[in-house]
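Listed below, chain by chain, are the residues.
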Amino acid sequence: MMTITYAGRNGIYVNLTNRCPCACTFCLRQNRDKVFNSDSLWLEREPTVKEICDSIDTWDLAKYEEIVFCGYGEPTERLEDLLKVAEYIKSKSSIPIRINTNGLADLIAGEKVAHKLEGLIDTVSISLNATNKEDYLKLVRPKFGIDSYDAMLSFTHDCTKYVPNVIMTVVDKVTTKEEQEKSREICESVGATFRVRPYEG
């Protein structure tokens, strides 16, 4: 059985895909197969929208604080399917919906996509990870190259127009205090909230 949804902290997490345009040096999937109390998050194949919705229906959403699109891949690799699932969730529950993303959705889609999130996504959490494009390239290793950093910042700024809560994060163990302070300034410049998140490895 594939792990399509799993519980973690106070939320239900949705594992849409194992595809990702990045190869972050600190990515936890390099050294383990699961997080929280899930089974392996490596998928035999990508689940259909119906399979995802059916899996969500197995949970009592009233017991959880949010649904998070976050698994062993970049959820915006399947943005249109993600939005269909979000629409289904909104049709049956008022539970908030969050996307954890690397922020490269525009590059993945080949077009601006933040406007598609309006009314369906309550929070977007974007991995900032670095304070300049050169360090970002070394740390995140995106397949789109050096322009990825600016694209991520642009997507973040666009999200602030359409999504109520936009957060940018850095990982505590791979950034210095000075880098974290600079990151805070970058977040403020694009209208996002800054958060330092613990390394999970």
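Described in the following lines is the structure provided in the data block. Just so you know, the residues in each chain are numbered from 1, in the order the chain's sequence is written. Confidence filtering applies because this is a predicted model: local features only for residues at pLDDT of at least 70, side-chain atom pairs given and counted only at 80 or more, and all residues used for totals across whole chains, interfaces and linings. Side-chain metrics rest on all non-hydrogen atoms present in the structure, leaving aside hydrogens and water.

1. Digging into the pattern of salt bridges
To keep things clear, this is the line we draw: Salt bridges are identified by distance alone: a Lys or Arg side-chain nitrogen within 4 Å of an Asp or Glu carboxyl oxygen. Only runs of H or I of at least four residues qualify as helices and only runs of E of at least two qualify as strands under DSSP, and these elements are numbered from the N terminus.
Under the counting rule described, the total for this entry stands at 15 salt bridges. Where Glu51 meets Arg45, a salt bridge forms, and the shortest distance between an N and an O atom there is 2.7 Å. Asp57 is the salt-bridge partner of Lys92, the closest N and O atoms lying 2.3 Å from each other. One end of the pair, Lys92, is in helix α2 (residues 79–92); the other, Asp57, is in the loop between α1 (49–56) and β3 (66–69), and 35 residues separate them in sequence. By sharing partners, the salt bridges in this structure join Arg19, Glu46, Glu77, Arg78 and Asp81 into a single network.

2. Details of α1
To keep things clear, this is the line we draw: Exposure classes here rest on a 1.4 Å probe applied to the protein chains alone. A residue is buried below 20% of its type maximum, exposed above 50%, and partly exposed in between. Arc, as used here, means the arc of the directions from the helix axis to the C-beta atoms.
For α1, the complete set of buried residues consists of Ile52, Cys53, Ser55 and Ile56. Looking straight down α1, one finds that the buried residues subtend no more than 160° of arc, so they occupy a single side.

3. Points about the environment of Arg98
Basically, it comes down to this: Contacts are residue-level and defined by heavy atoms, with any inter-residue pair within 4.5 Å sufficient. Each polar contact in these results corresponds to two N or O atoms within 3.5 Å; when the atoms are within protein, one needs to be able to donate a hydrogen and the other to accept it, and residues that are neighboring in sequence are counted only if both atoms are side-chain atoms.
You can see Arg98 is positioned in strand β4 (residues 97–101). Measuring from C-alpha to C-alpha, the distance between Arg98 and Asn165 comes to 9.0 Å, with 67 residues separating the pair along the chain. When sequence neighbours within four positions are dropped, the list of residues in contact with Arg98 reads Tyr13, Glu66, Ile67, Val68, Phe69, Thr123 and Ser125. Here Asn100 takes part through its side chain, which lies 2.8 Å from a polar atom of the side chain of Arg98.

4. What about the sheet that holds strand β5 (residues 123–127)?
Basically, it comes down to this: Only strands that DSSP links by at least two bridges are regarded as paired with each other. With axes taken as lines fitted to C-alpha atoms, and helix axes fitted only over the stretch in contact, angles between N-to-C directions fall between 0 and 180 degrees.
One open sheet accounts for seven strands, arranged β1-β2-β3-β4-β5-β6-β7; its pairing is mixed. Strand pairing shows two members of the sheet lacking a second neighbour, β1 (5–8) and β7 (193–197), which therefore form its edges. Each neighbouring strand pair of the sheet contributes to a mean axis angle of 25°, computed without reference to strand direction. Both β4 and β5 contribute to a ladder of four bridges, which runs parallel. From the neighbouring strand, Thr101 faces β5, where its bridge partner is Ile126. Where α2 meets the sheet, it contacts β3 and β4, and its direction lies at approximately 175° from that of β3.

5. Describing the nonpolar core
To keep it simple, the criterion reads: What is meant by a nonpolar core is a set of buried Ala, Val, Leu, Ile, Met, Phe, Trp, Tyr and Cys residues, joined one to another through side-chain atoms within 4.5 Å.
Counting 53 residues, the largest nonpolar core has Phe69, Leu117, Ile121, Leu128, Met152, Phe155 and Met168 as the members making the most contacts within it. No other element matches α2, which puts six residues into this core. With residues near it in sequence (within four places) discarded, Met168 still touches Ile126, Leu128, Met152, Leu153, Thr156, Cys187, Val190, Ala192, Thr193, Phe194 and Arg195.

6. Comments concerning unusual backbone geometry
Generally, phi is negative for residues other than glycine and the peptide bonds are trans, each holding for most cases. One non-glycine residue, Arg9, lies in positive phi territory at about 50°. One can find Arg9 in the loop between β1 and β2 (11–14). Its relative accessible area of 57% is what places Arg9 among the exposed residues. In this structure, Asn129 takes a positive phi of about 70° despite not being glycine.

7. Observations regarding the side chain of Ser148
By secondary structure assignment, the location of Ser148 is in helix α5 (residues 148–162). Residue Ser148 is classed as buried on the basis of its relative accessible area of 0%. At a separation of 2.8 Å, a polar atom in the side chain of Ser148 contacts the main-chain carbonyl oxygen of Gly145. Apart from the residues within four sequence positions on either side, Ser148 is in contact with Leu104, Leu107, Tyr136 and Pro142.

That is the geometry; function is a separate question.
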